[in-house]
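Each chain is listed here by its residues.
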Amino acid sequence: MIIVPEAAIADLVDRAAAFDAVEATFAAMASGDARNFPVVREALPGPEEALYGFKGGVDASAEALGLKAGGYWPHNLERRGLINHQSTVFLFDPETGRPTAMVGGNLLTALRTAAASSVSIRHLAREDARVIGMVGAGHQAGFQLRAALEQRPFEKVIGWNLHPEMLPNLEKVAAEAGLPFEAVELEGLRAADVIVTITSSFAPTLMAGHVGPGAHVACMGTDTVGKQEVDPELLKLATVFADEVAQSVTLGEAQHAVGAGTIAEGDLTPIGDVIRGVHPGRTSQEEITLFDGTGVGLQDLAVAAAAVRLAQEKGVAVEVEI
Ligand code: NAD
């Protein structure tokens, strides 16, 4: 099997490679060629208070089979100087069941998550979108913003965060792209043509009144039962898309709106249907579109497979017999 260490990923998988892998995966999921397996997420006993789990799937169109194993160890940083999110992707030969690769999954997770919201912006935001608004300014926010900025000729970044002292993280990414950054109140987000939410919130912060007509909203923080970033009323106003509808209504942002009966599961469209031309996506300049990016195992497999391919091409893949 091939081993691609975590340290090699940065030189192998760029934003374009992650984008292509995730876009193709969403299309394969919508066409029925690929499916995610039920997610396992368990609290581990002991003083580390860790959450551990698996996200897996199979993609017949890409001959991909495997899983990402990992989770969240909240004391890693303070106790050992290690990052709190830890994951590894394992790929298998779907014909034989033999393991084909083990790939460091930490940076890949950040890249595939950023790719998901940028795929949604590419396919659903207005062509004339020029102002991007961020809700959230933590580790993942910089990745989301960098990838989003490549999708339209944005001229300004605005942002809000519960902890305003973190906003310089966004300002830095805007400056790298040569763009001005302005910290705003939530009401100020009405000026944004695209809004990306990426927080670990358990209560809605972005309300329907904070979003202007014609905006595209990518909700990326809600990936667990109980988390919530946006007002269910916003999902009622918007045309709602998801990476995977089943996951969106159970552990994504739509869990709340569907749970409360504000919208129905049938109101959601897999974004893959837009990518493969089965659904028109946005149909007017005034329509609000909303993408619920819950994070699926197939995204991890897709970027890991790209990492393996690129490692082999560059001659940096480590091969071991298992
Ligand atoms: P982080 O800890 O670095 O940042 C957390 C962010 O949430 C910060 O901006 C913080 O100010 C904000 N925040 C914390 N508590 C809040 C609250 N009660 N209300 C509003 N904002 C609050 O985390 P991160 O790595 O940037 O991840 C952010 C979120 O994205 C997490 O919920 C994570 O699980 C999720 N995530 C989703 C995917 C996916 O595929 N959808 C992938 C990776 C991470």
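Preceding block: the structure.
These numbers come from a predicted model, not from an experiment. (Residues numbered from 1 in each chain as written. Predicted model: local features only at pLDDT ≥ 70, side-chain atom pairs only at ≥ 80, totals over all residues. Heavy atoms only, no water.)

Scanning the protein chain for helices and strands turns up 11 helices and 18 strands. A globule of 322 residues ought to have a C-alpha radius of gyration of about 20 Å, and the protein chain, at 19 Å, matches this closely. In terms of overall dimensions, the protein chain has a C-alpha envelope of 55 × 45 × 40 Å along the principal axes. Counting all 322 residues of the protein chain, 54% fall into the buried class. As displayed, the protein chain offers around 13,800 Å² of accessible surface, 55% of which is attributable to carbon and sulfur atoms. Taken together, the 23 basic and 42 acidic charged side chains of the protein chain have centroids lying 2 Å from each other. (Helix = DSSP H or I, 4+ residues; strand = E, 2+ residues; numbered from the N terminus. Rg over C-alpha atoms; globule rule 2.2 N^0.38 Å. Buried < 20%, exposed > 50% of the residue type's maximum accessible area, 1.4 Å probe, protein only. Areas by Shrake-Rupley, 256 points an atom, 1.4 Å probe, with all protein chains shown as cover. Lys, Arg positive; Asp, Glu negative; His and termini not counted. Charge placed at Lys NZ, Arg CZ, Asp CG, Glu CD.)

Here we take up the sheet that holds strand β9 (residues 156–160). Strands belonging to one sheet form pairs held by backbone hydrogen bonds; the direction of such a pair is parallel or antiparallel. Pairing is parallel in the open sheet, where 8 strands are placed in the order β10-β9-β8-β11-β13-β17-β15-β16. Strands with a single pairing partner mark the edges of an open sheet, and in this sheet they are β10 (181–183) and β16 (268–270). The sheet shows a mean angle of 20° between the axes of neighbouring strands, taken without regard to direction. Across 4 bridges, the pairing between strand β11 (residues 194–197) and strand β13 (residues 216–219) is parallel. In the sheet register, V194 faces β13, and the bridge partner there is H216. Packed on one face of the sheet, helix α5 (residues 139–148) meets β8 (131–135), β9 and β11 and runs near 165° to β8. (Pairing = 2+ DSSP bridges. Axes fitted to C-alpha atoms, helices over the stretch in contact; angles between N-to-C directions. Contact = heavy atoms within 4.5 Å.)

Around the ligand there are 22 residues in total, and R112, H139, N161, H163 and K227 lie nearest to it. One of the side-chain nitrogen or oxygen atoms of R112 is found 2.8 Å away from an oxygen atom of the ligand. Note that a nitrogen atom of the ligand is positioned 3.4 Å from one of the side-chain N or O atoms of S201. Against a free-state accessible area of 860 Å², the protein chains account for coverage of 81% of the ligand. Among the secondary structure elements, those contributing two or more residues to the shell around the ligand are α4 (106–124) and α5. (Near = heavy atom within 4 Å. Polar contact = N/O pair within 3.5 Å; in protein donor to acceptor, adjacent residues only side chain to side chain.)

Right, let's get into the packing of aromatic side chains. If you walk through the whole model with that rule in mind, you get 3 aromatic pairs. Summarising the aromatic geometry, the rings of F26 and F291 are spaced 6.3 Å apart at their centres and angled 55° between planes, so their arrangement reads as tilted. Here the residue F26 occupies a position in helix α2 (residues 15–31), and F291 occupies one in strand β17 (residues 289–292), the gap between them amounting to 265 residues. Of the two residues, F26 and F291, neither departs from the other in class, the shared state being buried. Geometrically, the ring pair formed by Y52 and F54 is edge-to-face, given 5.3 Å between the ring centres and 75° between the ring planes. The exposure class of Y52 is partly exposed, given its relative accessible area of 30%. Using a relative accessible area of 33% as the deciding quantity, one classes F54 as partly exposed. An aromatic cluster is built from Y52, F54 and W73, whose rings are joined through pairwise contacts. (Phe/Tyr/Trp six-rings, centres within 6.5 Å; stacked < 30°, edge-to-face > 60°.)

The next subject is the nonpolar core. Taken as a class, soluble globular proteins show a tendency for nonpolar side chains to be buried jointly. Counting residues in hydrophobic clusters, the biggest one holds 65 residues, and the most contacted among them are V13, F26, V103, I132 and V157. Both domains that furnish three or more residues to this core are identified here as domain 1 (2–109 + 298–319) and domain 2 (127–295). Residues within four places of V13 in sequence aside, it is in contact with A18, L108, L111, V303, A307 and L310. In terms of nonpolar packing, the next biggest core, distinct from the first, is built from 29 residues, L189, V211, A242 and L290 among them. (Core = buried A, V, L, I, M, F, W, Y, C linked by side-chain atoms within 4.5 Å. Domains from an automatic or database assignment.)

Another point: the pairing of β17. Burial along β17 is two-sided: the residues T289 and F291 and L290 and D292 are all buried. The pairing of β13 with β17 spans 4 bridges and is parallel. Paired with H216 across the bridge in β17 is T289.

Along the chain, T250 falls in helix α8 (residues 245–250). Residue class for T250 comes out partly exposed when judged on its relative accessible area of 46%. Sequence spacing of T250 and G226 is 24 residues, and the spatial spacing of their C-alpha atoms is 9.7 Å. Not counting residues up to four positions away in its chain, the partners in contact with T250 are V225 and Q255. Polar contacts involving the side chain of T250 include one to the main-chain carbonyl oxygen of A246, which spans 2.8 Å.

Keep in mind that these numbers describe shape and distance, not what the molecule does.
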